[in-house]
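These are the residues of each chain, in order.
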Amino acid sequence: MAESDHQYGDHRDLAVEEDRPQLKHPPMYKVVLLNDDYTPMEFVVHILEFFFNKDRPTATRIMLAVHTEGKGVAGVYSRDVAETKVQQVNSYSRKHQHPLMCAMEAE
Ligand code: TYC
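These figures come from a predicted structure and were not determined experimentally.

Enquirer: Please clarify how the nonpolar core should be interpreted in this entry.
Expert: Taken as a class, soluble globular proteins show a tendency for nonpolar side chains to be buried jointly. The biggest cluster of nonpolar side chains holds 22 residues, and the ones touching the most others in it are Leu-33, Ile-47, Leu-48, Phe-52 and Val-89. Elements that contribute at least two residues to this core include exactly strand S1 (28–34), helix H1 (41–50), helix H2 (56–69), strand S2 (71–78) and helix H3 (79–95). The element that contributes the greatest number of residues to this core is H1, accounting for five residues. If near-sequence neighbours (up to four positions away) are discounted, Val-89 is found in contact with Leu-33, Ile-47, Phe-51, Phe-52, Leu-100 and Cys-102.

Enquirer: Before we go on, may I ask you to explain the packing of H1 against H3 in this structure?
Expert: H3 packs onto H1 with a crossing angle of 145° between their chain directions and a minimal axis gap of 12 Å. Crossing of H1 over H3 shows right-handed handedness. Two secondary-structure elements touch here, H1 through Phe-43, His-46 and Ile-47 and H3 through Val-89, Tyr-92 and Ser-93. When its residues are assigned to classes, the contact of H1 with H3 shows four nonpolar, two polar and no charged.

Enquirer: Quick question: what am I supposed to make of H3 here?
Expert: An α-helical segment advances 3.6 residues per turn. Residues three or four places apart therefore align on the same side. Given a rise of 1.5 Å per residue, 17 residues ought to cover 24 Å, and the 24 Å separating the end C-alpha atoms of H3 matches this to within 8%. Along H3, the positions that sit buried rather than exposed are Ala-82, Lys-85, Val-86, Val-89, Asn-90, Tyr-92 and Ser-93. In an axial view of H3, the angular spread of the buried residues amounts to 165°, which keeps them on one side of the axis. Facing away from the buried side of H3, by more than 90 degrees, are the exposed residues Asp-80, Gln-87 and Lys-95. Lining the buried residues of H3 we find S1, H1, S2 and strand S3 (101–106). Trailing H3 by a residue or two, Gln-97 shows a phi angle of about 60°, which is positive.

Enquirer: Is there a simple way to explain the site of the ligand in this structure?
Expert: The ligand sits among Leu-33, Leu-34, Asn-35, Asp-36, Thr-39, Met-41, Val-44, Met-63, Val-66, His-67 and Leu-100. Within the backbone of Leu-34, an N or O atom sits 2.8 Å from an oxygen atom of the ligand. Contact between the ligand and Thr-39: a nitrogen atom at 2.9 Å from a main-chain N or O atom of the residue. A total of 350 Å² of accessible area belongs to the ligand in isolation, and the protein chains cover 89% of it. Looking at the shell around the ligand, the elements that each hand over two or more residues are S1, H1 and H2. Here the element with the most residues in the shell around the ligand is H2; it accounts for three residues. Its residues placed into classes, the shell around the ligand shows seven nonpolar, three polar and one charged.

Enquirer: What is the right way to look at the confidence of the model for the chain in this model?
Expert: Fine structural detail should not be taken from predicted coordinates in areas where pLDDT scores are low. Confidence in the prediction of the chain, expressed as mean pLDDT, is 90, and 86% of residues score 70 or more. Contacts for the low-pLDDT stretch residues 1–6, under 50 throughout, to residues beyond four places or in other chains number three contacts.

Enquirer: Teacher, can you tell me more about the side chain of Asp-36 here?
Expert: Position of Asp-36 among the secondary structure elements: in the loop between S1 and H1. Within the buried set, Asp-36 has no salt-bridge partner at all; the shortest N-O distance to an opposite charge, 7.3 Å, is to Arg-94. A polar contact of 2.7 Å, which involves the side chain of Asp-36, links it to the backbone nitrogen of Thr-39. Setting aside residues no more than four positions away along its own chain, Asp-36 makes contact with Pro-99 and Leu-100.

Parameters at a glance
Residues numbered from 1 in each chain as written. Predicted model: local features only at pLDDT ≥ 70, side-chain atom pairs only at ≥ 80, totals over all residues. Heavy atoms only, no water. Core = buried A, V, L, I, M, F, W, Y, C linked by side-chain atoms within 4.5 Å. Buried < 20%, exposed > 50% of the residue type's maximum accessible area, 1.4 Å probe, protein only. Helix = DSSP H or I, 4+ residues; strand = E, 2+ residues; numbered from the N terminus. Contact = heavy atoms within 4.5 Å. Axes fitted to C-alpha atoms, helices over the stretch in contact; angles between N-to-C directions. Left-handed = near helix turned anticlockwise from the far one by under 90°. Nonpolar A, V, L, I, M, F, W, Y, C, P; charged D, E, K, R; others polar. Expected span 1.5 Å × (residues − 1). Arc of directions from axis to C-beta. Near = heavy atom within 4 Å. Polar contact = N/O pair within 3.5 Å; in protein donor to acceptor, adjacent residues only side chain to side chain. Areas by Shrake-Rupley, 256 points an atom, 1.4 Å probe, with all protein chains shown as cover. pLDDT = per-residue confidence, 0-100. Lys, Arg positive; Asp, Glu negative; His and termini not counted. Salt bridge = Lys/Arg side-chain N within 4 Å of Asp/Glu carboxyl O.

What follows is the structure in structure tokens.
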């Protein structure tokens, strides 16, 4: 036992477990496109390519899924990125006078 342990006793019998840091992954958000009757299919494909980096076959598949099922996931992002995508897509659609709606949902 070390000389310095005399005052408080030594702790060689103490079981110490490392505190595990309580880290959580940040929540992710789905960015969804909603169907409507007026936005041209080609415009939706362009949105998926330009804002969501999809290749043309993938963009076409997602657009058709939204068209037939009512909505579909364009991508999954952190909150800030999802918010920015939604804003960009909605203002771009309005600028081109299309009613396309983009929204986010917690995963
Ligand atoms: N339903 C539209 C049409 O028939 C196409 C469309 C697809 C619109 C997906 C919006 O998110 C959308 N022209």
